[in-house]
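Each chain, written out:
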Amino acid sequence: MGKKVLVVDDEKLIVKGIRFSLEQDGMEVDCAYDGEEALEAAKKKTYDVVLLDVMLPKLTGFEVCQQIREFSDMPIIMLTAKGDDMDKILGLEYGADDYITKPFNILEVKARIKAIMRRSGSKQSKEDPVKVITVGDLKVDCESRRVYIKEKEVNLTAKEFDLLELLMNNPNKVYSRENLLNLVWGYDYPGDVRTVDVHIRRLREKIESNPSEPTFIHTKWGVGYYFQN
């Protein structure tokens, strides 16, 4: 079954464009064009992600978000035309999981949706999520966010753990440095791809017996990094 997405915006061309692009990725997309319609849709069906515009007729995006939170924890990404920080903070205070400022690139929207689904999908999965990943001497407890090498705990920073968890959950998948920066640090992070290189280097120093000849985190020259299990 494809992931279910609810797209809410009163600009029909925007909705049409997002819907087409998401359906190309095999997602099931429902659309709503005002706040009341959005709320009704969210009551009838559980979505993997709701893309919710702030400025809507009948009920604002904030009101819709707040009311959805009364009965569901389905992930919500707010779309705002304003670059105003108060809108963004307010959106997150009302229970939104993320926000994107218009005008946006559809690739950015898709990456954000996939990142949210990756983080929250285990909650909605009928199968038990993988809580502990073990590869050789490396053991990662995703629930307690603890890492062990040969049963000895290794202290990672939050971002080092996020990087390692993402790579381990997608073995042999090569991520570009830009991809990792966006997925782990977020699109609004002001730093550059060197941040990724620094964290990968520190990770290797902590989990690899020989960081210069890594066993776990490998470099695909000219492309990016991947985890080999």
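In this text the structure is predicted, and so the values were computed from the model without any measurement.

Student: What is the right way to look at the overall build of the protein in this model?
Tutor: Helix and strand counts for the protein come out as 8 helices and 12 strands. A buried classification covers 45% of the 229 residues belonging to the protein. Expressed as a percentage of contacts within the protein between residues at least 6 apart in sequence, the contacts between residues at least 24 apart total 54%. Accessible surface, the protein: about 12,500 Å² in total, of which carbon and sulfur atoms supply 48%.

Student: How should I be thinking about the nonpolar core in this particular structure?
Tutor: Within soluble globular proteins, side chains that are nonpolar tend to cluster in buried spots. In this structure, Leu138, Val147, Leu164, Ile207, Ile217 and Phe227 are the most contacted members of the largest nonpolar core, which totals 30 residues. Every element with two or more residues in this core is listed here: β6 (132–135), β7 (138–141), β8 (146–149), α6 (158–169), α7 (177–185), α8 (194–207) and β12 (224–227). With 22 residues, the next largest nonpolar core counts Val8, Ala32, Val50 and Leu52 among its residues.

Student: Got a minute to help me understand the side chain of Glu208 in this structure?
Tutor: Topologically, Glu208 is positioned in the loop between α8 and β11 (217–220). Despite its burial, Glu208 pairs with no opposite charge; the closest candidate is Arg204, at 5.1 Å N-O. A distance of 2.7 Å separates the side chain of Glu208 from the backbone nitrogen of Thr215, its partner in a polar contact. Not counting residues up to four positions away in its chain, the partners in contact with Glu208 are Leu203, Pro214, Thr215, Phe216 and Ile217.

Student: Sorry if this is basic, but what is going on with the pattern of salt bridges here?
Tutor: Two side chains with opposite charge may pair up if their charged atoms get near one another. Following the criterion strictly, the structure yields 19 salt bridges and no others. The partner of Glu11 in a salt bridge is Lys102, and the shortest N-O contact between them spans 3.7 Å. In this pair, Glu11 sits in the loop between β1 (4–8) and α1 (12–24) while Lys102 sits in the loop between β5 (98–101) and α5 (106–124), placing the two residues 91 residues apart along the sequence. Judged by its relative accessible area of 41%, Glu11 is partly exposed. For Glu143, the salt bridge goes to Lys131, with nearest N and O atoms at 3.9 Å. One end of the pair, Glu143, is in the loop between β7 and β8; the other, Lys131, is in the loop between α5 and β6, and 12 residues separate them in sequence.

Student: In this structure, what is going on with helix α2 (residues 35–44)? I would like to understand it.
Tutor: Along an α-helix, residues three or four apart share an orientation, since each turn contains 3.6 residues. Inspection of α2 places Gly35, Ala38, Leu39, Ala41 and Ala42 among the buried residues, and these make up the whole buried set. On an axial view of α2, the arc spanned by its buried residues comes to 160°, and they lie on one face. Those residues of α2 that are exposed and aimed more than 90 degrees away from the buried face are Lys43 and Lys44.

Student: What's the story with the packing of aromatic side chains in this structure? I'm lost.
Tutor: For any pair of aromatic rings, the description consists of the separation of the ring centres together with the inter-plane angle of the planes. Under the defined criterion, the tally for this structure stands at 1 aromatic pair. Both rings, one in Phe216 and one in Phe227, keep their centres 5.8 Å apart while their planes meet at 5°; by these two values the pair is stacked. With Phe216 in the loop between α8 and β11 and Phe227 in strand β12, this residue pair connects regions lying 11 residues apart in the sequence. Exposure class is identical for Phe216 and Phe227. Each is buried. The residue whose ring lies beneath Lys12 is Tyr33, and the NZ or CZ to ring-centre distance is 5.0 Å. Above the plane of the ring of Tyr148 lies Lys139, whose end atom (NZ or CZ) is 5.1 Å from the centre.

Student: Before we go on, may I ask you to explain the environment of Asp25 in this structure?
Tutor: Relative to the assigned elements, Asp25 resides in the loop between α1 and β2 (28–32). For Asp25, a relative accessible area of 36% corresponds to the partly exposed category. Put simply, Asp25 and Lys110 are 85 residues apart on the chain and 9.1 Å apart in space, counted from C-alpha to C-alpha. Apart from residues no more than four positions distant in its own chain, Asp25 is found in contact with Lys110 and Lys114. In this structure the side chain of Asp25 is engaged in a polar contact, spanning 3.5 Å, whose partner is the side chain of Lys110.

The rules we used
- Along each chain, the written sequence defines residue order, and numbers are assigned to residues from 1.
- Confidence filtering applies because this is a predicted model: local features only for residues at pLDDT of at least 70, side-chain atom pairs given and counted only at 80 or more, and all residues used for totals across whole chains, interfaces and linings.
- By convention in this description, side-chain values take in all heavy atoms of the structure and omit both hydrogens and water.
- Numbering of helices and strands runs from the N terminus, with a helix taken as a DSSP run of H or I at least four residues long and a strand as a DSSP run of E at least two residues long.
- Partly exposed describes any residue whose relative accessible area lies between the buried limit of under 20% and the exposed limit of over 50%, with all areas from a 1.4 Å probe on protein chains only and scaled to the type maximum.
- Should any heavy atoms of two residues lie within 4.5 Å, those residues are considered in contact.
- Using a 1.4 Å probe, accessible areas were evaluated by the Shrake-Rupley method; residue-level cover was limited to the displayed protein chains.
- Each nonpolar core is a collection of buried residues, namely Ala, Val, Leu, Ile, Met, Phe, Trp, Tyr and Cys, held together in the definition by side-chain atoms within 4.5 Å.
- Counted as positive: Lys and Arg. Counted as negative: Asp and Glu, with His and the chain ends omitted from the count.
- For this analysis, a salt bridge means a side-chain nitrogen from Lys or Arg found within 4 Å of a carboxyl oxygen belonging to Asp or Glu.
- N or O atoms closer than or at 3.5 Å make up a polar contact, with two conditions inside protein: a donor-capable atom paired with an acceptor-capable one, and, for residues adjacent in sequence, both atoms drawn from side chains.
- An arc is given here, and it is the one of the directions from the helix axis to the C-beta atoms.
- The aromatic pairing rule takes the rings of Phe, Tyr and Trp, using the six-membered ring of Trp, and pairs them if the centres are within 6.5 Å, calling planes under 30 degrees apart stacked, those over 60 edge-to-face and the rest tilted.
- A ring is considered to have a charge above it if a Lys NZ or an Arg CZ atom is located within 6 Å of its centre and within 35 degrees of its normal.

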